[in-house]
Amino acid sequence: MAGSGVIDDYVTGLSRALRGPRGPRLDMITEARDSLLDTAEALEGDGLGREEAERTAVEEFGTIGEIAPGYQEELFIAAGRRLAAVLFLTVPLTTVMWSVIWKIFPAAPTAYESSPDWFVPVARGLDILQMLIGVLGGVALFALGRGLRRIRRPRLVTRFLGLLVWAMLPVMLALTGALMFGSNGPADFGDYLPGVGAALVSLLFWGLQLYGAFKCLSLTRRGPVPACA
């Protein structure tokens, strides 16, 4: 039986109070609505009118100000977990992908001899930085999963991940640009299809990371929904 009136107004207000990933947020709203409808139908079966049954169901469920903070915390966790998974998967994968590309590129043995002295240290530093970010993504993914019992404020973990991406990505771009344009590397790399494909995949990964970081920072900027709302 479709709900109307009091329950619909309550669910609409709850939806407007919450911020976060669309999928988990819609699941929460749907679950809350179904729970309210079940309670209202049970009360209606006990003899209450429909409107009174819905009003009673809403009162028993709790006000939006009481319910929203708990739901919002779950959305903080969902957003952080998504970005952590993206970092854990895409950053190390980028490192491995480019390592393979440079090894299979059909360059002459002397193609890299003209590279400056800083080329190898910068390349290794970039690899270490990327792996470190991947490890931090894995740690955050665990913390926002099985480790939630030990975390009092998962919002801060989500915000940290967003800040990490915005802080590290410019550094990674600078290092990558130095390796590509300042190293006097092998000629004709721009026409090498696997290299072009790797560059496009890297841009896609960076886009996913920036998008996730933007969402996490935007979501956590104003903090949790106040319990008195």
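See the structure printed just above.
Residues numbered from 1 in each chain as written. Predicted model: local features only at pLDDT ≥ 70, side-chain atom pairs only at ≥ 80, totals over all residues. Heavy atoms only, no water.

Caption draft 1: Looking closely at the side chain of Thr158. If you trace the backbone, Thr158 turns up in helix H6 (residues 154-181). Discounting residues that sit within four places of it in the chain, Thr158 has contacts with Phe76, Ile77, Ala79, Gly80, Leu144, Cys216 and Thr220. (Helix = DSSP H or I, 4+ residues; strand = E, 2+ residues; numbered from the N terminus. Contact = heavy atoms within 4.5 Å.)

Caption draft 2: Structural context of the nonpolar core. Leu83, Leu87, Ile133, Leu161, Met172 and Leu179 are the most contacted members of the largest nonpolar core, which totals 26 residues. Of all elements in the fold, only helix H4 (64-104), helix H5 (119-143), H6 and helix H7 (193-220) reach the threshold of two or more residues within this core. When residues no more than four places from it in sequence are discounted, the contact partners of Leu179 are Trp118, Phe119, Val122, Ala123 and Leu126. Core analysis: the next-biggest nonpolar cluster, separate from the first, contains 19 residues, Tyr10, Ala40, Ile67 and Tyr71 among them. (Core = buried A, V, L, I, M, F, W, Y, C linked by side-chain atoms within 4.5 Å. Buried < 20%, exposed > 50% of the residue type's maximum accessible area, 1.4 Å probe, protein only.)

Caption draft 3: Representation of the environment of Gly5. Along the chain, the position of Gly5 falls in the segment before helix H1 (6-17). Separated by 50 residues in the primary sequence, Gly5 and Arg55 have C-alpha atoms spaced 9.1 Å apart.

Caption draft 4: Quick look at the pattern of salt bridges. Applying the stated rule across the entire model yields 4 salt bridges. Glu54 is the partner of Arg50 in a salt bridge, and the nearest nitrogen-oxygen pair spans 3.1 Å. Residue Arg50 and its partner Glu54 are both found in helix H3 (residues 50-61); the two are separated by 4 residues, about one turn of the helix. Assessed through its relative accessible area of 18%, Arg50 is described here as buried. For Glu54, a relative accessible area of 2% corresponds to the buried category. Measuring nitrogen to oxygen at the nearest pair gives 2.9 Å for the salt bridge that ties Glu51 to Arg55. Of this pair, Glu51 and Arg55 both sit in helix H3, separated by 4 residues, roughly a single helical turn. A residue is classified by how much of its surface remains accessible, and Glu51, at 52% relative accessible area, is exposed. (Salt bridge = Lys/Arg side-chain N within 4 Å of Asp/Glu carboxyl O.)

Caption draft 5: Inspection of the environment of Glu51 at higher detail. When the C-alpha atoms of Glu51 and Val6 are compared, they prove to be 7.0 Å apart, with 45 residues separating the residues in sequence. Side chain to side chain, Glu51 and Arg55 meet in a polar contact 2.9 Å long. (Polar contact = N/O pair within 3.5 Å; in protein donor to acceptor, adjacent residues only side chain to side chain.)

Caption draft 6: Expanded view of H3. Taking 1.5 Å as the rise per residue, H3 with 12 residues should run 16 Å; its terminal C-alpha atoms sit 16 Å apart, in good agreement. Looking at H3, one finds that the buried residues are Arg50, Ala53, Glu54, Thr56, Ala57 and Val58. Of the residues one or two after H3, Gly62 is the one with positive phi, at around 115°. (Expected span 1.5 Å × (residues − 1).)

Caption draft 7: Summary view of the packing of aromatic side chains. On inspection of all chains with the given rule, the structure shows 1 aromatic pair. Here the aromatic rings of Tyr10 and Phe61 are separated by 5.9 Å at their centres, their planes lie at 90°, and the arrangement is edge-to-face. Linking Tyr10 in helix H1 with Phe61 in helix H3, this pair joins segments that are 51 residues apart in sequence. (Phe/Tyr/Trp six-rings, centres within 6.5 Å; stacked < 30°, edge-to-face > 60°.)

Caption draft 8: Looking closely at the packing of H1 against H4. Their axes nearest at 10 Å, the elements H1 and H4 cross at an angle of 45°. Considered as vectors, H1 and H4 are oriented oblique to each other. Every pair of crossing elements has a handedness; the one defined by H1 and H4 is right-handed. When H1 is examined against H4, the residues Tyr10, Gly13, Leu14 and Ala17 are found in contact with a partner set consisting of Ile64, Ile67, Ala68, Tyr71 and Gln72. Counted by class, the contact of H1 with H4 contains 7 nonpolar, 2 polar and no charged residues. (Axes fitted to C-alpha atoms, helices over the stretch in contact; angles between N-to-C directions. Parallel < 35°, antiparallel > 145°, perpendicular 65-115°, else oblique. Left-handed = near helix turned anticlockwise from the far one by under 90°. Nonpolar A, V, L, I, M, F, W, Y, C, P; charged D, E, K, R; others polar.)

Caption draft 9: Expanded view of a nonpolar patch on the surface. Taken together, the side chains of Val96, Val100, Ile104 and Met131 present a nonpolar region at the surface, about 330 Å² in accessible area. Top element by residues in the nonpolar patch is H4. It accounts for 3 residues. By relative accessible area, which is 47% here, Ile104 ends up partly exposed. (Patch = residues over 30% accessible without salt bridge, like charges linked within 9 Å, V, L, I, M, F, W, Y side chains within 5 Å. Areas by Shrake-Rupley, 256 points an atom, 1.4 Å probe, with all protein chains shown as cover.)

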